Amino acid sequence: MSDEEHQFESKADAGASKTYPQQAGTIRKNGYIVIKGRPCKVVEVSTSKTGKHGHAKCHFVGIDIFTAKKLEDIVPSSHNCDVPHVNRTDYQLIDVSEDGFVSLLTESGNTKDDLRLPTDENLLGQIKDGFAEGKDLIVTVMSAMGEEQICALKDIGPK
């Protein structure tokens, strides 16, 4: 037995997996799937019949939830696919900095300063205009597989 004390590096998450397995045949349209290592929303699913030898195959077409790129994958329907844990959280917008970052107020009253403004021009314009007009804005942040991005905006009236 060793009397040494071990030092453990503190990690932000508790070692929870970024994805979970799900049988390919049970994944439906508007669900989520990992294609080529990217979290995607499924926009189209088609299943081919079994051949003389082999499995039925599922053809997935997905849109990356962060980059909006279209990705495709074909998986035997009996095999497992990775499905990302996708979370949506609402935060109140406090500040928009010059360098493209936003300050957000969390539910617990702390600030979150590590998020960039979205790349979507329409959403970016709405956030900047609303903030300049002094409106109280609530942003919805989507997170999956260690990435986070602002995906929606709500106006709750003037300050």
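Residues numbered from 1 in each chain as written. Predicted model: local features only at pLDDT ≥ 70, side-chain atom pairs only at ≥ 80, totals over all residues. Heavy atoms only, no water.

What about the pattern of salt bridges?
Then, in step 1: Applying the stated rule across the entire model yields seven salt bridges.
Then, in step 2: Put simply, Arg38 and Glu147 hold a salt bridge, and the shortest N to O gap is 2.6 Å. Remark: Glu147 occurs in strand β11 (residues 147–158) and Arg38 occurs in strand β3 (residues 38–47); sequence separation between them is 109 residues.
Then, in step 3: Here Lys154 and Asp90 are joined by a salt bridge, their closest N and O atoms 3.1 Å apart. Of this pair, Lys154 sits in strand β11 while Asp90 is found in strand β7 (residues 86–96), placing the two residues 64 residues apart along the sequence.
Then, in step 4: Salt bridges sharing common partners tie together Arg38, Asp64 and Glu147. (Salt bridge = Lys/Arg side-chain N within 4 Å of Asp/Glu carboxyl O. Helix = DSSP H or I, 4+ residues; strand = E, 2+ residues; numbered from the N terminus.)

Digging into the pairing of strand β2 (residues 32–35)
Strand residues, when the strand is regular, have side chains that alternate between the two faces of the sheet.
Then, in step 1: Sheet analysis places β2 next to β3, joined by four bridges and oriented antiparallel. By the bridge assignment, Val34 is partnered in β3 with Pro39.
Then, in step 2: In textbook terms, the turn of a hairpin is the stretch between consecutive antiparallel strands, and for β2 and β3 this stretch comprises two residues, one of which, Lys36, has a positive phi near 50°. (Pairing = 2+ DSSP bridges.)

Focus: the side chain of Ser77
Then, in step 1: Within the secondary structure, Ser77 is located in the loop between β5 (70–76) and β6 (80–84).
Then, in step 2: Accessibility expressed as a relative area gives 17% for Ser77, which makes it buried.
Then, in step 3: Setting aside residues up to four positions removed in sequence, Ser77 forms contacts with Gln23, Ala24, Gly25, Ala56, Lys57 and Cys58. (Buried < 20%, exposed > 50% of the residue type's maximum accessible area, 1.4 Å probe, protein only. Contact = heavy atoms within 4.5 Å.)

Thoughts on the side chain of Asp64
Then, in step 1: Along the chain, Asp64 falls in strand β4 (residues 57–64).
Then, in step 2: Residue classification places Asp64 among the buried residues on the basis of a relative accessible area of 3%.
Then, in step 3: Engagement of the side chain of Asp64 in a polar contact is seen with the backbone nitrogen of Phe66, the distance being 2.8 Å.
Then, in step 4: Leaving out residues up to four positions away in the same chain, Asp64 has contacts with Arg38, Pro39, Cys40 and Lys69. (Polar contact = N/O pair within 3.5 Å; in protein donor to acceptor, adjacent residues only side chain to side chain.)

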